[in-house]
Amino acid sequence: MKNSFFISVRGMLSVTFVCITVSFSFSQQKSAVDSIDIKVEALLQKMTLEEKVGQMNQYNGFWNVTGPAPKGGDAKLKYEHLKKGLVGSVLNVEGTTNVRKLQEIVVNQSRLGIPLLFGLDVIHGHKTLSPIPLGESASWDLDAIEQSARAAATEASAVGICWTFAPMVDISRDARWGRVMEGAGEDPYLGSKIGIARVHGFQGNNLAAPTSIIACAKHFAGYGFVEAGREYNTVDVGTSTLYNIILPPFKAVVDNHVRTVMNAFNVLNGVPSTGNKFLQRDILKNKWGFDGFVISDWASGAEMVEHGFAKDLKQAAEIAANAGSDMDMQSYAYVTYLKQLVEEGKVDIKLVDDAVRRVLRVKFELGLFDNPYKYCDTKREQETINHPDTKTALDIARKSIVLLKNESSLLPLPKNQKNIAIIGSLANDKNSPLGSWRIGSDDSSAVSFLEGFNKYNTNYKYAKGADLTVGKTTFIRELQMNETDTSEFAQAIQFAKQSDVVIMVLGEHSFQSGEGRSRTKIGLPGVQQQLLEAVYRVNKNIILVLMNGRPLAIPWAAEHIPTILETWQLGTETGDAIAQVLFGTYNPSGKLPMTFPRSVGQCPIYYNHYNTGRPRPKSKDEVFFSHYTDESVNPLYPFGYGLSYTTFQYSNLIIDTTDNKNIKVRVTVTNTGTRVGEEVAQLYIHQRVASVVRPVKELKGFEKFSLQPKASKVVTFTLTDKELGFYNNDGNYVVEPGDFEVMVGTNSQEGLVGSFTKR
Ligand code: NOJ
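Residues numbered from 1 in each chain as written. Predicted model: local features only at pLDDT ≥ 70, side-chain atom pairs only at ≥ 80, totals over all residues. Heavy atoms only, no water.

Student: Could you give me a rundown of the domain arrangement of the protein, with the residues and numbers involved?
Tutor: Split into domains, the protein comes out as domain 1 (1–118 + 348–388), domain 2 (396–602) and domain 3 (648–758). With four residues of domain 1 at the interface, the matching set in domain 2 holds four residues. Between domain 1 and domain 2 the total buried area reaches about 270 Å² when both faces are included, carbon and sulfur atoms providing 59% of it. Taken together, domain 1 and domain 2 are joined by zero salt bridges. Summed over the shared surface of domain 1 and domain 2, the number is zero residue pairs in polar contact (both at pLDDT 80 or more). Looking at the side of domain 1 that touches domain 2 residue by residue, the classes come out as no nonpolar, three polar and one charged. (Domains from an automatic or database assignment. Contact = heavy atoms within 4.5 Å. Buried area = accessible area lost by both parts, 1.4 Å probe. Salt bridge = Lys/Arg side-chain N within 4 Å of Asp/Glu carboxyl O. Polar contact = N/O pair within 3.5 Å; in protein donor to acceptor, adjacent residues only side chain to side chain. Nonpolar A, V, L, I, M, F, W, Y, C, P; charged D, E, K, R; others polar.)

Student: Describe the environment of D34, naming the residues involved and giving the relevant values.
Tutor: Mapped onto the elements, D34 comes out in helix 2 (residues 30–46). Among the residues examined, D34 registers a relative accessible area of 33% and is labelled partly exposed. (Helix = DSSP H or I, 4+ residues; strand = E, 2+ residues; numbered from the N terminus. Buried < 20%, exposed > 50% of the residue type's maximum accessible area, 1.4 Å probe, protein only.)

Student: Account for unusual backbone geometry, with residues named and values stated.
Tutor: Note that the residue after A166, namely P167, is joined by a cis bond; omega there is 5°. Position of P167 among the secondary structure elements: in the loop between strand 4 (163–164) and helix 8 (188–203). Between F220 and the following residue, A221, the backbone shows a cis peptide bond with an omega angle of 5°. Topologically, A221 is positioned in the loop between strand 5 (216–220) and helix 9 (239–255). Non-glycine residue S409 carries a positive phi angle of around 50°. Structurally, S409 is set in the loop between strand 11 (402–406) and strand 12 (420–423). At T612, a position not held by glycine, the phi torsion is positive, near 70°. Structurally, the position occupied by T612 is in the loop between helix 21 (574–582) and strand 19 (648–656).

Student: For the side chain of S436, give the residues involved together with the corresponding values.
Tutor: Inspection of the secondary structure assignment puts S436 in the loop between strand 12 and helix 17 (449–454). Note on S436: relative accessible area 1%, which makes it buried. Within polar-contact distance, the side chain of S436 engages the backbone oxygen of S513 at 3.5 Å.

Student: Residue-level account of the site of the ligand, with values.
Tutor: By nearness alone, 13 residues border the ligand, and T66, D121, R179, H219 and D297 come closest of all. R179 places a side-chain nitrogen or oxygen 2.6 Å from an oxygen atom of the ligand. Taking H219, its side chain carries an N or O atom lying 2.7 Å from an oxygen atom of the ligand. Protein contacts shield 100% of the accessible area of the ligand, which totals 290 Å² for the unbound molecule. When grouped by side-chain class, the residues that make up the shell around the ligand number six nonpolar, two polar and five charged. (Near = heavy atom within 4 Å. Areas by Shrake-Rupley, 256 points an atom, 1.4 Å probe, with all protein chains shown as cover.)

Student: Describe in detail the sheet that holds strand 6 (residues 260–263), supporting the description with residues and values.
Tutor: Pairing in this open sheet of three strands is parallel, and the strands run 5-6-9 from one edge to the other. Single-partner strands in this sheet number two, and they are strand 5 and strand 9 (293–295). Each strand axis lies, on average, 30° off the axis of its neighbour in the sheet, ignoring direction. Alignment of strand 5 against strand 6, held across four bridges, turns out to be parallel. Pairing of A217 across the sheet is with V261, part of strand 6. (Pairing = 2+ DSSP bridges. Axes fitted to C-alpha atoms, helices over the stretch in contact; angles between N-to-C directions.)

Student: Residues and numbers for the packing of aromatic side chains, please.
Tutor: Within the structure shown, the criterion is met by 25 aromatic pairs. Seen in terms of ring centroids, W177 and Y223 are 4.9 Å apart; in terms of plane orientation they differ by 80°. Their pairing is edge-to-face. Of this pair, W177 sits in the loop between strand 4 and helix 8 while Y223 sits in the loop between strand 5 and helix 9, and the two are 46 residues apart along the sequence. For Y223, a relative accessible area of 0% corresponds to the buried category. Here a set of aromatic residues connected by ring pairs shows up, and it is made of W140, Y189, Y607, F639, Y684 and F702. Note that K218 overlies the ring of W437, its terminal NZ or CZ placed 5.5 Å from the centroid. Directly above the ring of Y536 sits K540, whose terminal nitrogen or CZ lies 4.6 Å from the centroid. (Phe/Tyr/Trp six-rings, centres within 6.5 Å; stacked < 30°, edge-to-face > 60°. Lys NZ or Arg CZ within 6 Å of the ring centre and 35° of its normal.)

Student: Just give me the short version of the sheet that holds strand 19, but keep the residues and values in it.
Tutor: Pairing is antiparallel in the open sheet, where three strands are placed in the order 19-20-23. At either end of the open sheet lies a strand with only one pairing partner, and these are strand 19 and strand 23 (712–719). The mean inter-strand angle of the sheet, taken between neighbouring strand axes irrespective of direction, is 20°. Bridge analysis of strand 20 (residues 663–671) against strand 23 gives eight bridges, and the strand direction is antiparallel. Bridge pairing links V667 to V715 in strand 23.

Student: Requested: an account of helix 13 (residues 333–343), with residues and values cited.
Tutor: Those residues of helix 13 not exposed but buried are A333, Y334, V335, L338, L341 and V342. Looking straight down helix 13, one finds that the buried residues subtend no more than 145° of arc, so they occupy a single side. Buried residues along helix 13 sit against helix 3 (49–55), strand 1 (57–60), helix 4 (75–83), helix 12 (313–323), strand 10 (328–329) and helix 14 (349–366). Of the residues one or two after helix 13, G345 is the one with positive phi, at around 80°. (Arc of directions from axis to C-beta.)

Student: Tell me about the nonpolar core, and name the residues and values.
Tutor: Of all hydrophobic cores here, the largest spans 163 residues; its most connected members are W163, L247, F449, F453, I503, M504 and L582. Among the elements that make up this core, the one with the highest residue count is helix 9 (nine residues). Here this core spans two domains, since at least three of its residues come from each of domain 1 (1–118 + 348–388) and domain 2 (396–602). If you look at the next biggest cluster of nonpolar residues, it comprises 29 residues, including L112, A316, V342 and V352. (Core = buried A, V, L, I, M, F, W, Y, C linked by side-chain atoms within 4.5 Å.)

Student: Account for the pattern of salt bridges, naming residues and giving values.
Tutor: As enumerated under the stated definition, the model contains 40 salt bridges in all. Here K464 makes a salt bridge to D467, at a shortest N to O gap of 2.9 Å. Exposure remark for D467: the relative accessible area of 32% places this residue in the partly exposed category. For the salt bridge of E679 with K591, the shortest nitrogen-to-oxygen distance reads 3.0 Å. You can see E679 sitting in strand 21 (residues 677–687) and its partner K591 sitting in the loop between helix 21 and strand 19, a full 88 residues away along the chain.

The structure is reproduced here in structure tokens:
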């Protein structure tokens, strides 16, 4: 399929290159913007309505499907459309040779030769993979996250890609939703900072540079709030949640010049995102002044018919174009009907012009009119792909690991530790640790847990204990977990009995999270819980190494297992990163970006909830307060939580309100242990009374730093109107004077508390 298309076009190219050859180097200076606008206008004047619509049309390539597979036989049609200038962008085509071939068709054969944008889901690396985004977010290290995105852009740009559909900045509170792995977790403040770091990493300082690719903030908006965590489900949220939780990360990246935004599959309060004028025009473009363009999600235009919002594809095109969805991903809606809709007066040509201007502007900014083959340097492709930047991947991987428990200080392990048992099929897995979303990487290319461990210590016996899955594990099919086969438990138990320390590597397969992978049970899948308990019965000295794409509900392990290390899916360098932490070469410093529930029944669970009118019982026997009768309301591990091999003490909280517009909060942090370590000091606020009730806590500052043993550091946070205000239910940002509580500490539940009055 892949090759036959190209064979059919080879040798058919005649050169009719009418492209405007203007040289442009991007900068944010006004003159450069003006000059781009002039070029955009000049080009727009030359375009027919059909060609304009073409710029609003994106087709999937012909192999790497990342949505429901399009019907076969559309390759010929797409080729004809490329020649006629009816395609503005292509997704899922990679490799300099493939990209060049398609680019040559539009440049040489279409009337105006407007270059294509090549988009791909480069979510956490391309060939070399960093941890899944949720894992990376646990690093709370913005520089490392930016570097990771930079490395991804360097590789992706080398294989012809100029546009990634990342970062996903959807805030999510429900671990059942499979796509929590792709975001930064539950907090809008942390999520905004991480979103900005990722955008900077992808886009670089200069879009015209060869390694810069445009980023895409997705999914606008509310996709992280699908009901009951079920993929593609309804989203029905209140205005306060929309304005204060969902929208801020989008606004943050728009303010930081993200060039594209993707709308979403979901309805938001009954209106599909793709047809949502309020979101796309009123807020994104008009209120926030976004000057990039909006891409639909995969066929989300067409899905408005299924939603019951459009009667057919033609009406879907009309609604989407009027609502401000600038480019249609693979639903054929615009390319089939938009010209007619304009001619019938159903869509104003001014709206089409606006969309096309946005798309052209980005193409100019990337320098594609100067050199449409900017991303097609085969020599660079070879050099980059053959020399993967594993250093960056390893650095962020080890920083993403979170130490959840280390009760009897089993960790770090002495390098010469004898009599170790290693148990769990994930320990010997080179594929699952790559995580979901890994289009450009080779299968089974991760350094496995065992391979990493071997570099430090080989005094172990390994037993897989049980298979995690049954049958083949490919991206497309539903995974079948091993729910019954315990035949290999015996060997694991025997090794555990003979050992001084047991390391159990358990968790999810990476294809249990990601798009289309929601779960209702979020404990250890398959027979792993049974295996853990069976081993525990013979040896309690267990280090549990978790690999998972979402927070897991593991209350039994949290109670019984002395040491627990959260490693997510760490990508290419998995084994090396974990080994460095196990043997203390790197002291763990990660903090959870998302609450771990005790049971699935607590979901959605998040730290920044409201207090309710009945937060606690008035007497011992009181029943009428906000609680469960069979479960605590507290999480298993809270947001912001994570331990180190050293300990940190917080003291001397000082709140200085001398300058009431710049309130200073100072705290002293001391490394009270014996090892050098990194801490993330976190500042939370709570306004006691406001016109819209405020969450019990809101993160408004954090700083990550390293401290030598016995060393102290004074950390200073500044609270301005930017931190102290909120969006009211009209969507206006307000700062209301009043009393605030402040907490500074090591996670969202532990810290020093103070208060101040904002005048
Ligand atoms: C659907 C996903 O929701 C979106 O995030 C992704 O970028 C597109 N498919 C393209 O693969």
